[in-house]
Amino acid sequence: MSEAFRQAVEWLYSLEAARGMDFKLERVTLALEYLGRPQERFGAVHIGGTNGKGSVAAMIHAVLGAAGCRVGLYTSPHLVRVTERIRVGEREIDPDEMAEWVAKVRRATCARGVHLTFFEFLTALALDYFAAQRVDLAVLEVGLGGRLDATNVIVPEVAAITTVGMDHEEFLGETLEQIAAEKAGIVKRGRPCVLGRVPHPARSVVRAAAAERGSPMYELDAHFSIEPCAGAMRYRGMRRSIDGIRLGLLGAHQWDNAAVALAAVELVPGLSVSDEAVRRGLAGVRWPGRLEVVSGPPLVVLDGAHNPDGIEALVRETRALLDGYRTRLLFAVMRDKRWAPMVSRLGPLVEEVVVTSIGGARGEDPRKLAEAFARYAPVRVVPDAAEAFQWLCATSASADAVLVTGSLFLVGAVYPLLATEIRCLQPDERAD
């Protein structure tokens, strides 16, 4: 790590400590004005939703890359390195490049009195970097919500909303309808919108927003779908059908995400993507830390589920995935999450629980988590996440599985600890 990069990252995190989260579009809009409106120099696909938006973004990026497009990808949060958030093709932004761009954006903003939050700064940096890299298209994942998210300065070719559930209520509202209205903020006038599997009350809100803005809306199972076909899957879209699709991500819920991704790709004007590029892109897509199975022993399952809907999807998958294993759980969560329902779904599935701390002041007190889990299984409190994971792996037998979930920050904390000989298994291998 160069000294320039170390100092740049240190300065970036000082923004998070000083300014936290403050949702407005004025600052990032002004920053982009001073940078020469880089977001207007390439097309974009904008992905929002409570769960699945990162997976959909990764799938679109993989499919377009397989089709030979030069594609940028902007996602959050990162697991291990901040450079993971910004990619062109398969390559993360180089640390020295990132240091250079941090300096550039600082000159354009701070010197003019524009003081951005951490996420606003990275968003402006990513958009300027994509323009300099001359990408054909950029795929951008919403950070939080949609209407006031820093990424909402773009006018995308297509917007997609994957799911709507209860999360971040303190910022987005206390009802599904209020949260859906915030998510629907990414729907732009006259531009198509793709809608995934969304509960009816939220669906009605998004439909109304799309109608008001003259945005054509395409809904999963009404306008496009994905279904089993001859040992693989078939996508039925608005204009095409594609057979023989296999997916490089585990989980039945990822098939809904794949359908949303392919519908978005189908709606980008002037884009030609062959059936083979779709098959190759989806088969090769990787999205670390999301229902990721790592060989052992012990078997390790990493999943960044951090809200009740995400945990519900994880529980559905792990019933079969961990059948025959003695499951030991490593859990941590942010205190602003509705974690009690997460505990009640995970508790009956596990034989032992270790609770730990992540996220600094935002993290929930592990003693409170231990009290909640105690009704289901023996619980141990290990405040340091790395130490907790290492203890679980060291004390597990060959018939044990270690399930790590509750927060992407927890998955990110343990990810560098995975031994080099431990490798991620592919879906076909897990079927054996």
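It should be noted that the structure appears before, not after, this text.
This text gives an overview of the structure that appears in the document.

Thresholds, definitions, all that
- Residues numbered from 1 in each chain as written.
- Predicted model: local features only at pLDDT ≥ 70, side-chain atom pairs only at ≥ 80, totals over all residues.
- Heavy atoms only, no water.
- Core = buried A, V, L, I, M, F, W, Y, C linked by side-chain atoms within 4.5 Å.
- Buried < 20%, exposed > 50% of the residue type's maximum accessible area, 1.4 Å probe, protein only.
- Helix = DSSP H or I, 4+ residues; strand = E, 2+ residues; numbered from the N terminus.
- Contact = heavy atoms within 4.5 Å.
- Pairing = 2+ DSSP bridges.
- Axes fitted to C-alpha atoms, helices over the stretch in contact; angles between N-to-C directions.
- Arc of directions from axis to C-beta.
- Parallel < 35°, antiparallel > 145°, perpendicular 65-115°, else oblique.
- Left-handed = near helix turned anticlockwise from the far one by under 90°.
- Nonpolar A, V, L, I, M, F, W, Y, C, P; charged D, E, K, R; others polar.

Soluble globular proteins: nonpolar side chains tend toward being buried together. If you look at the biggest cluster of nonpolar residues, it comprises 44 residues, and the most contacted ones within it are I60, V194, I245 and L282. Per-element tally for this core: the top contributor is helix α9 (residues 253-267), with 10 residues. Setting aside its immediate chain neighbours within four residues, L282 contacts M59, V63, I245, R246, L247, G248, A258 and L262. Core analysis: the second largest hydrophobic core is formed by 42 residues, F5, V9, F42 and F119 among them.

Sheets are built from strands paired through backbone hydrogen bonds, the pairs being either parallel or antiparallel. Strand order in the open sheet made by the eight strands is β4-β3-β2-β5-β1-β6-β7-β8, with mixed pairing throughout. Each edge of the sheet is formed by a strand with only one pairing partner; in this case those strands are β4 (91-92) and β8 (217-219). The pairing of strand β6 (residues 158-161) with strand β7 (residues 193-195) spans three bridges and is classified as parallel. Residue I161 lies in a different strand from β7, and its bridge partner there is L195. Each of β2 (71-74), β3 (86-88), β4 and β5 (137-141) is contacted by helix α5 (residues 118-132), which is oriented at about 10° to β3, the strand it contacts most.

Next up on the list: the sheet that holds strand β17 (residues 400-405). Spatially, the six strands line up as an open sheet ordered β12-β13-β17-β14-β15-β16, and their pairing is mixed. Each edge of the sheet is formed by a strand with only one pairing partner; in this case those strands are β12 (292-294) and β16 (379-384). Neighbouring strand axes in the sheet, compared pairwise and without regard to direction, differ in orientation by 20° on average. One ladder, built from four bridges, connects strand β15 (residues 352-357) with β16; its direction is parallel. Considered in β16, the bridge of V355 is made with V381. Packing of helix α13 (residues 366-373) onto the sheet brings it into contact with β14 (326-331), β15 and β16, and relative to β15 it is tilted by some 160°.

With that settled, the discussion passes to the pairing of strand β1 (residues 43-48). Within β1, six of the six residues are buried, which leaves it mostly tucked inside the rest of the structure. Of the two faces of β1, the one holding G43, V45 and I47 and the one holding A44, H46 and G48 are both buried throughout. With five bridges joining them, β1 and β5 adopt parallel strand pairing. Pairing of G43 across the sheet is with L137, part of β5. Sheet topology places β1 next to β6; four bridges connect them, and they run parallel.

As a further point, take helix α12 (residues 339-346). Buried within α12 we find W339, M342, V343 and L346. Buried positions in α12, seen along its axis, are confined to an arc of 100° and lie on one side of it. Where α12 is buried, its residues touch α11 (308-321), β14, α13 and β17.

Looking now at the packing of helix α4 (residues 95-109) against α5. Interhelical geometry of α4 versus α5 gives an angle of 110° and a closest axis separation of 10 Å. Taken together, the axes of α4 and α5 lie roughly perpendicular to each other. Relative to α5, α4 is oriented so that their crossing is right-handed. Taking contact as the criterion, the partners of E97, M98, W101, V102, K104, V105, R106 and T109 in α4 are, on α5, F121, L122, L125, D128, Y129 and A132. Among the residues forming the contact of α4 with α5, the class breakdown is nine nonpolar, one polar and four charged.

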